[in-house]
Amino acid sequence: MSQPRTLFEKIWSDHIVHKDEASGTCLLYIDRHLVHEVTSPQAFEGLRLAGRKVRKPEATLAVADHNVPTSDRSLGIKQEDSRIQVETLGKNCEEFGIQYFGLNDKRQGIVHIIGPEQGMTQPGMTIVCGDSHTSTHGAFGALAFGIGTSEVEHVLATQTIIQKPANNMRITIKGKTGPGVTAKDIVLSIIGEIGTAGGTGYVIEYAGEAIQDLTMEGRMTVCNMTIEGGARAGLIAPDQTTFDYLKGRPMAPKGENWDKAVEYWSSLPSDDGARYDKEIVIEAKDIVPNVTWGTSPENVVPITGNVPDPANAKDASQRASMERALEYMGLTAGMRMQDVDIDKVFIGSCTNGRIEDMRAVAAIAKGNKVAENVYAMIVPGSGLVKEQAEEEGLDKIFIEAGFDWREPGCSMCLAMNADRLEPGERCASTSNRNFEGRQGRGGRTHLMSPAMAAAAAIKGKLADVRDFQD
Amino acid sequence: MQAFTTLSAIAAPLPMINVDTDMIIPKQFLRTIKRTGLGVNLFDEMRYDEQGNEKPDFVLNKPEYRNAEILVAGENFGCGSSREHAPWAILDFGLRCVIAPSYADIFYNNCFKNGILPVQLPQEQVDRIMEYAQTTPESKVHIDLEYQIVKLDNNESFSFEIDPFRKHCLINGLDDIGLTLEKDKSIQSFEDDRAQNQPWL
Ligand code: SF4
């Protein structure tokens, strides 16, 4: 019998075009390539200068998301350089024959939301995009990772990438999670535990009952933030939940091909006895609803907890970075997290901009009002998420409660468009990064789940979602 | 791509951990469709105040480090977004080499595509070079990629590891795409096999 293999090893070995035995460097075939406006113009320019073509345009899908306005689209993009960047993507796609979802296409949305939504993301594939949150697609059991612009050009020209195999880690979440605990809380806990560099050099496979119990949306949230733990990619074994999600989507296999695909996909989960370079086990019952306090996603505390004290840091450089974070965040050690007042709420992003997230927010918002001192925005991840939410009447609940219901895009996740925090403003956010300046220069970000962000909007301060549930 | 062989230059100390690519080049500068011109905005929010004036205490604003070509930093350098604008900004400023105990994967990879050498050394050795850069800013740090050595003026030296393929490409300034296209036959036959065995793709 052959050696037991992990999910990662199976996908990797199925995509090797060429291997340099001496160095171990592989030329890896790439099945799907997602492209957006910010990290692609220089790649297309490179192709043009070298007189090269796109090798497999049909394996590529493009969309503008980072720069797009989330208010009335009919007015176009005001900011000139943003407009040029979006127009450049449209022109490049036309010139090189790539499918492009334009601003007024209802399928437009955040690149990591639309790939799965269209059924483009499938188990066993290799998927790349010039964006670190490409790890999202690992939720389907696809090996998906972010690349730089030079590599975008490489993939466009050759449909391959040069890479060495990563180490393989398994994180098992044992047992079932408690009340109020969502996929976001699971992944924040993991990052809090391993640190932002804990996954460097690894591909992480998430396993265990709490992971299997997640919907595809939840699995995407977990894999999305894998990059915040420094890992190259996250993976979850495909199962019936995965197949059910994919069936019937526009780009999913059909008819006889569907059956063949499911047969192959079913062979992908790691074999019993497969070896991992590192294993971590976390008890699901130890995970509580949590938030971040600082300027790194590893700065995680339970919502019932307090701002940590730099005096307890493990060494001098950690102490310095904690002190800097506290100063930037305008917090003092020992303060209760639930006493932290907020100014804004951002619900959306590729971490939490899917339909299930919208439903979670609506469940808390229903019959409540956004606090007076708070501006709360909800930005659906795609035009189709928006449409679905409106079909379910969620938009009415949001508007009634005083939320601003907007057009799809990256929005205040990174504040490249007009949506941003002013210096000193504090935001409860469902996005993935709380770095200094991420949501606007001087802006202060607390990461949390959509339900917790909704609860914060209503209380006007960081709040425990369990106080809203019976 | 510009080849990297040896470098003798001033090293600027940036003793911070988890320097992310949002810090290296904030998003408002990502709206460009070019690779060049980002150097003036390198570390923008740490380097300038809200009116756009230089903050005198930021390392790259200090006269002794303005011409640095090497940056010495703490662990997990380049974490966060995949933006290649980060190495482009570093290069455009005039830095050709970073020395740190560890790097985020994508950033590390991006450096090699742009002729920047990311040297990885154990924490104590980076601490030593950091101290040297802080206390004797006029002294140079010498890097020899061929021999994989970082040397200080007082002859202290540290050898570093690097992947042989990456080293080869960097020393010769090789373009990956050209190399890969030489394997076109293998790619073609791989695609043919897949069309046979996995027709849904
Ligand atoms: S939503 Fe945020 S993290 Fe996701 S792709 Fe857009 S900017 Fe990046």
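Here, every reference points to the structure presented above.
What counts, and at which threshold
Residues numbered from 1 in each chain as written. Chains lettered and ligands numbered in written order. Predicted model: local features only at pLDDT ≥ 70, side-chain atom pairs only at ≥ 80, totals over all residues. Heavy atoms only, no water. Helix = DSSP H or I, 4+ residues; strand = E, 2+ residues; numbered from the N terminus. Rg over C-alpha atoms; globule rule 2.2 N^0.38 Å. Contact = heavy atoms within 4.5 Å. Phe/Tyr/Trp six-rings, centres within 6.5 Å; stacked < 30°, edge-to-face > 60°. Buried < 20%, exposed > 50% of the residue type's maximum accessible area, 1.4 Å probe, protein only. Disulfide = S-S within 2.5 Å. Pairing = 2+ DSSP bridges. Axes fitted to C-alpha atoms, helices over the stretch in contact; angles between N-to-C directions. Salt bridge = Lys/Arg side-chain N within 4 Å of Asp/Glu carboxyl O. Polar contact = N/O pair within 3.5 Å; in protein donor to acceptor, adjacent residues only side chain to side chain. Buried area = accessible area lost by both parts, 1.4 Å probe. Nonpolar A, V, L, I, M, F, W, Y, C, P; charged D, E, K, R; others polar.

Engineer: Before we move on, can you summarise the overall build of chain A with the specific residues and values?
Structural biologist: Scanning chain A for helices and strands turns up 16 helices and 19 strands. In terms of overall size, chain A behaves like a compact globule, its C-alpha atoms giving a radius of gyration of 22 Å where 470 residues would be expected to give roughly 23 Å. Considered along the principal axes of its C-alpha atoms, chain A spans approximately 55 × 55 × 45 Å. Within chain A, residue pairs in contact and separated by at least 24 positions form 76% of the contacts whose partners lie at least 6 positions apart.

Engineer: Lay out the packing of aromatic side chains with the relevant residues and their values.
Structural biologist: In total, this model carries 14 aromatic pairs over all chains according to the counting rule given. Between A:Tyr29 and B:Phe190, the ring centres sit 5.0 Å apart and the planes meet at 35°, which makes this aromatic pair tilted. Here A:Tyr29, found in strand β2 (residues 26-29), pairs with B:Phe190, found in helix α8 (residues 184-197), and the two come from separate chains. Summarising the burial analysis for this pair, A:Tyr29 and B:Phe190 share the class buried. Arranged with centres 6.4 Å apart and planes meeting at 80°, the rings of B:Phe77 and B:Tyr103 form a pair that is edge-to-face.

Engineer: Can you lay out the state of the cysteines for me, pointing to particular residues and giving the numbers?
Structural biologist: For the structure shown, the criterion picks out 0 disulfides over all chains. The closest cysteine sulfur to the non-disulfide-bonded A:Cys129 is located on A:Cys350, 9.6 Å from its own sulfur.

Engineer: Quick one: what's the story with the environment of A:Gly218, residue by residue and with numbers?
Structural biologist: Residues and elements named next belong to chain A. If you trace the backbone, glycine 218 turns up in helix α8 (residues 216-224). With a relative accessible area of 3%, glycine 218 lands in the buried category. Along the backbone, glycine 218 and asparagine 352 are 134 residues apart, and their C-alpha atoms lie at a distance of 8.7 Å. Once you skip the residues sitting within four places of it in the chain, glycine 218 turns out to touch Ala183 and Glu356.

Engineer: Let's hear about the sheet that holds strand β10 (residues 202-207) of chain A: which residues, and what values?
Structural biologist: All names here are of chain A. What the 4 strands build is an open sheet, ordered β11-β10-β9-β12; its pairing is parallel. Every interior strand has two partners, whereas the edge strands, β11 (233-236) and β12 (278-283), have only one. Looking at each pair of strands side by side, their axes are set apart by 20° on average, direction ignored. Sheet topology note: the strand β9 (residues 167-174)/β12 ladder contains 6 bridges and is parallel.

Engineer: Give me the lowdown on the pattern of salt bridges, citing residues and values where you can.
Structural biologist: The final tally for this structure, using the stated rule, is 41 salt bridges over all chains. The residue B:Asp184 makes a salt bridge to A:Arg55 at a minimum N-O spacing of 2.7 Å. Residue B:Asp184 is located in helix α8, and its partner A:Arg55 is located in the loop between α2 (41-50) and β4 (60-63); the two belong to separate chains. Classification of A:Arg55 as partly exposed rests on a relative accessible area of 22%. Note that A:Glu425 is salt-bridged to A:Lys344, the shortest N-O span being 2.9 Å. With a gap of 81 residues between them, A:Glu425 in the loop between β17 (404-405) and β18 (426-429) and A:Lys344 in strand β15 (residues 344-347) connect regions that are remote in the sequence. Across this residue pair, the class does not change: A:Glu425 and A:Lys344 are buried. Each of A:Glu45, A:Arg48 and A:Glu95 takes part in a single network of salt bridges with overlapping partners.

Engineer: Go over the side chain of B:Asp22 with me, naming the residues and quoting the values.
Structural biologist: Positionally, B:Asp22 belongs in helix α1 (residues 21-24). Reaching out from B:Asp22, the side chain makes a polar contact with the side chain of A:Arg438 at a distance of 3.1 Å. A distance of 3.4 Å separates the side chain of B:Asp22 from the side chain of B:Arg83, its partner in a polar contact.

Engineer: Please give an account of the interface of chain A and chain B that cites residues and values.
Structural biologist: Contacts between the two partners involve 74 residues from chain A and, on the opposite side, 55 residues from chain B. In this assembly, chain A packs against chain B so that about 5200 Å² is buried in total across both faces, 54% of it on carbon and sulfur atoms. It is A:Gln42, A:Arg55 and A:Arg441 that lose the most area in chain A upon contact with chain B, and together they represent 14% of the buried surface on that side. On inspection of chain A and its partner chain B, the count reaches 10 salt bridges. The tally of links from chain A across to chain B stands at 30 residue pairs in polar contact (both at pLDDT 80 or more). When residues of the side of chain A that touches chain B are traced back to their parent elements, those giving at least two are β1 (16-19), β2, α2, α3 (80-96), α5 (149-158), β8 (160-163), α10 (255-266) and α11 (316-329) of chain A. Among the elements that take part in the side of chain A that touches chain B, α5(A) stands out by supplying 7 residues, more than any other. Split by residue class, the side of chain A that touches chain B holds 22 nonpolar, 32 polar and 20 charged.

Don't take any of this as a statement about function, it's just geometry.
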